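Report on the structure
Listed below are the residues making up each chain.
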Amino acid sequence: MKIAVVGKGGAGKTTTSAVLARSLARQGREVVALDCDTNPNLGISLGVGDLETERLVSLREQLDDGDVEHAADWDEILDRFGTDGPDGVRLGVITRIENPDPG
Amino acid sequence: MLSSGEFGTSIVVADLEAGIGTLSRLGDSQVDLTLVVVEPTPRSLDVGRRAIDLARENKQGRVIVVVNKVVDVETDLALVREKLGDAELVVVPDDDAVLDADRAGTALLDHAPDCPAARALVELVDLVFDSAA
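Since the model is a prediction, treat every value here as computed from it, not as a measurement. (Residues numbered from 1 in each chain as written. Chains lettered and ligands numbered in written order. Predicted model: local features only at pLDDT ≥ 70, side-chain atom pairs only at ≥ 80, totals over all residues. Heavy atoms only, no water.)

1. Remarks on the side chain of arginine 22 of chain A
Counting through the fold element by element, arginine 22 of chain A comes out in helix H1 (residues 13-26). Within the structure, arginine 22 of chain A has its side chain in polar contact with the backbone oxygen of leucine 46 of chain A (distance 2.9 Å). Not counting residues within four places of it along the chain, the set of residues in contact with arginine 22 of chain A comprises Leu46, Pro86, Asp87 and Val89 of chain A together with Ala107, Leu109 and Asp110 of chain B. (Helix = DSSP H or I, 4+ residues; strand = E, 2+ residues; numbered from the N terminus. Polar contact = N/O pair within 3.5 Å; in protein donor to acceptor, adjacent residues only side chain to side chain. Contact = heavy atoms within 4.5 Å.)

Here it is as structure tokens:
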């Protein structure tokens, strides 16, 4: 199942995404949380902390700048550019989610 | 990207950019559920209205509206209904704990797991699977 979370900035979009992702994971489901916002804060709201969130954002910027070889599939992307958050939620910070290919 | 199908049995929760930019560029039928998050203010509800229309137009699955920061249920929901019509709603009470968690740089579920806003948002899980079945 894929869930998109949208709304005007400041409406509570990221808090809603984070609580939903962790609640689903607590039910024993495998959850991938994708931060597609231009102002990426989902890591903080998920509880991975601001340092780890910053690290993921900077990895994403390297990927955008083409400094890092692009990964083959989602699993690899999350292994290399994501992190494991509380309750087992896997978090990835990404751009251009509307593009057809990963990476 | 969402359609690349590499996620297997995982549930994907994609926190899109603020506004409707990404949603407008996603291809048709990319997700099974669109959560439109609003607060009961005219400007937020205008964005919400456009998001609902886009999600329906582009067949982005079921649409649920999460109404955050509700202070007065009667007044706030009257405005929401006026702007969003008969959309399926989840009501989340205004709660200082959300701001406190943000300020502390922590997750709401770690900071105040039993606060009213967290409890309302946790219930969203049951709704997601309820009629998705």
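2. Topic: the interface of chain A and chain B
Contacts between the two partners involve 52 residues from chain A, matched on the other side by 56 residues from chain B. Of the roughly 5000 Å² buried between chain A and chain B, counting both surfaces, carbon and sulfur atoms make up 62%. For the chain A face of the interface with chain B, the top three residues by lost area are Met1, Lys2 and Val6 of chain A, together amounting to 18%. For the pair chain A and chain B, the interface holds two salt bridges. The closest approach of N and O atoms between arginine 22 of chain A and aspartate 110 of chain B, which form a salt bridge, is 2.9 Å. Counting every contact that joins chain A to chain B gives 28 residue pairs in polar contact (both at pLDDT 80 or more). (Buried area = accessible area lost by both parts, 1.4 Å probe. Salt bridge = Lys/Arg side-chain N within 4 Å of Asp/Glu carboxyl O.)

3. Brief notes about the pattern of salt bridges
Overall, the coordinates contain 14 salt bridges over all chains when judged by the stated rule. Two residues, aspartate 87 of chain A and arginine 26 of chain A, come together in a salt bridge whose shortest N-O distance is 2.9 Å. One end of the pair, aspartate 87 of chain A, is in the loop between strand S3 (82-84) and strand S4 (90-93); the other, arginine 26 of chain A, is in helix H1, and 61 residues separate them in sequence. When the shortest N-O distance is used, the salt bridge between aspartate 75 of chain A and arginine 90 of chain A registers 3.0 Å. With a gap of 15 residues between them, aspartate 75 of chain A in helix H4 (residues 74-81) and arginine 90 of chain A in strand S4 connect regions that are remote in the sequence. Assessed through its relative accessible area of 42%, aspartate 75 of chain A is described here as partly exposed. Residue classification places arginine 90 of chain A among the partly exposed residues on the basis of a relative accessible area of 21%. Because the salt bridges share partners, they merge into one network encompassing Arg22, Arg26 and Asp87 of chain A together with Asp110 of chain B. (Buried < 20%, exposed > 50% of the residue type's maximum accessible area, 1.4 Å probe, protein only.)

That is the geometry; function is a separate question.
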